[in-house]
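Below, each chain spelled out in residue letters.
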Amino acid sequence: MRNARRRLVSRRLSPCAPRLTSLAAAALSLAILSACDGRQSSLDPAGREATEISQLFWTMTIGGAVIWSLVMALLAYALMSRRRVHPERTASVTVWSGGIVAPAITLTALLVYSLPLMPAYRDQTGDLAVEVTGEQYWFRMRYRLPGRDAFETANELRLPLGARVELVLKSADVIHSFWAPALAGKMDMIPGRANRLVLEPRKAGRYRGVCAELCGESHALMAFDIIVEEPERFADWAREQSLAAFAAATVEEKRGEQVFAAVGCAACHAIRGSAHVGAAGPDLTHVGGRPTIAAGLLPNNVGTLAGWIAAPQDLKPGTTMPAFRTLSGPDLRALAAYLAALK
Ligand code: CUA
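Residues numbered from 1 in each chain as written. Predicted model: local features only at pLDDT ≥ 70, side-chain atom pairs only at ≥ 80, totals over all residues. Heavy atoms only, no water.

A closer look at a negative patch on the surface
And then number 1: Residues Glu230, Glu232, Asp236 and Glu240 make up a contiguous surface patch of negative charge.
And then number 2: Looking at where Asp236 falls in the secondary structure, it is placed in helix α5 (residues 231-242). (Patch = residues over 30% accessible without salt bridge, like charges linked within 9 Å, V, L, I, M, F, W, Y side chains within 5 Å. Areas by Shrake-Rupley, 256 points an atom, 1.4 Å probe, with all protein chains shown as cover. Salt bridge = Lys/Arg side-chain N within 4 Å of Asp/Glu carboxyl O. Lys, Arg positive; Asp, Glu negative; His and termini not counted. Charge placed at Lys NZ, Arg CZ, Asp CG, Glu CD. Helix = DSSP H or I, 4+ residues; strand = E, 2+ residues; numbered from the N terminus.)

In structure tokens, the structure reads:
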């Protein structure tokens, strides 16, 4: 009876078992593959600090593997060798060398190797400073470049290749954490405090950074783009960013500009060169030129801008951006078209 039940159970399970195994294998390979995506990987470094962190990781991993193998070999030897009484002197030498001297040497060497990698012992001067403030749930980037008007972007950190960049990290509300794994280690953003993180991008490209400290219900939707480019291209971008916004050109954009003023967007958002100077939300002077909107959540185009304006809470719970559900379809499209044109 028990055997029959066991056969029944195994028959019931058997068709699912291979499917479960392949599902697990697929999930594992997905996890491994996503970890290899260089845009957000500490193991595919694109900056000086990240390279040093990656070297530390591999040194510790390989060193740990060598020590583990050695201990396992000794264990196997101890288990398989014939039991005999060891002289007290041999036992004492083994315990002292293996239990005290070897760990002391290894850990001291590791400490000497890793201390210079800590921010407190590094050269913290930068060629360029960017103030990054964590907000609910986005990043405000403020550039003050010599010879230019200060300007702000949101969730877009552009950096010139090869420069030492000093990030001044702040928070407007709760504790956030700035983490751009491909470029450097992470650093907390604490209200009432300015933390400094210096990084040096060494490979041009587009990377992804995230908030790495639980800061509320949409913490996982708080990301930013990092674009590392040649110094000349960065200078061109900075020059364009410091200029006032483009004027609305088409009939639809002009209608969008009127909607922007009429529904009160300017209470929170600024558009430099206009009368709109709200400071609570992201500066929208050049919003149309950003790669993504809503802190890395959506690609930037007229459709996603319209969707975000109409229902931000549905896309990012807890965001302070109110929903504008009452806008008519044509008004919403015009407003999105106006914002998309602010390149
Ligand atoms: Cu901000 Cu998590």
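Focus on unusual backbone geometry
And then number 1: A cis amide bond links Gln136 to the next residue, Tyr137, at an omega of -5°.
And then number 2: Secondary-structure assignment places Tyr137 in the loop between β1 (128-135) and β2 (138-143).
And then number 3: Here the phi dihedral of Ala294 falls at roughly 60°; this positive angle occurs in a residue that is not glycine.
And then number 4: When you line up the elements, Ala294 lands in the loop between β11 (292-293) and β12 (298-299).
And then number 5: One non-glycine residue, Ala295, lies in the positive phi region at around 60°.
And then number 6: On the secondary structure map, Ala295 appears in the loop between β11 and β12.

With respect to the packing of aromatic side chains
And then number 1: This model, assessed by the stated rule, comprises 10 aromatic pairs.
And then number 2: Ring centres of Phe57 and Trp58 lie 5.0 Å apart, and the angle between their planes is 75°; this geometry places the pair in the edge-to-face category.
And then number 3: For Trp58, a relative accessible area of 41% corresponds to the partly exposed category.
And then number 4: Every member of this aromatic cluster is reached through a ring pair, and the members are Tyr143, Phe151, Phe234 and Trp237.
And then number 5: A cation sits over an aromatic face here: Lys186 above Trp179, 4.4 Å from the ring centre. (Phe/Tyr/Trp six-rings, centres within 6.5 Å; stacked < 30°, edge-to-face > 60°. Buried < 20%, exposed > 50% of the residue type's maximum accessible area, 1.4 Å probe, protein only. Lys NZ or Arg CZ within 6 Å of the ring centre and 35° of its normal.)

Section: the side chain of Asp283
And then number 1: Take Asp283: it is sitting in the loop between α6 (251-262) and β11.
And then number 2: At 2.5 Å, the side chain of Asp283 and the side chain of Thr285 are in polar contact.
And then number 3: Once you skip the residues sitting within four places of it in the chain, Asp283 turns out to touch Glu152, Ala270, Arg272 and Arg290. (Polar contact = N/O pair within 3.5 Å; in protein donor to acceptor, adjacent residues only side chain to side chain. Contact = heavy atoms within 4.5 Å.)

Digging into the packing of helix α3 (residues 48-80) against helix α4 (residues 88-114)
And then number 1: Look at α3 against α4: their axes get within 12 Å of each other, and the N-to-C directions meet at 170°. With respect to α4, the axis of α3 lies roughly antiparallel. Two secondary-structure elements touch here, α3 through Gln55, Leu56, Thr59, Met60 and Ile67 and α4 through Thr106, Leu110, Tyr113 and Ser114.
And then number 2: Here the residues of the contact of α3 with α4 sort into 5 nonpolar, 4 polar and no charged. (Axes fitted to C-alpha atoms, helices over the stretch in contact; angles between N-to-C directions. Parallel < 35°, antiparallel > 145°, perpendicular 65-115°, else oblique. Nonpolar A, V, L, I, M, F, W, Y, C, P; charged D, E, K, R; others polar.)

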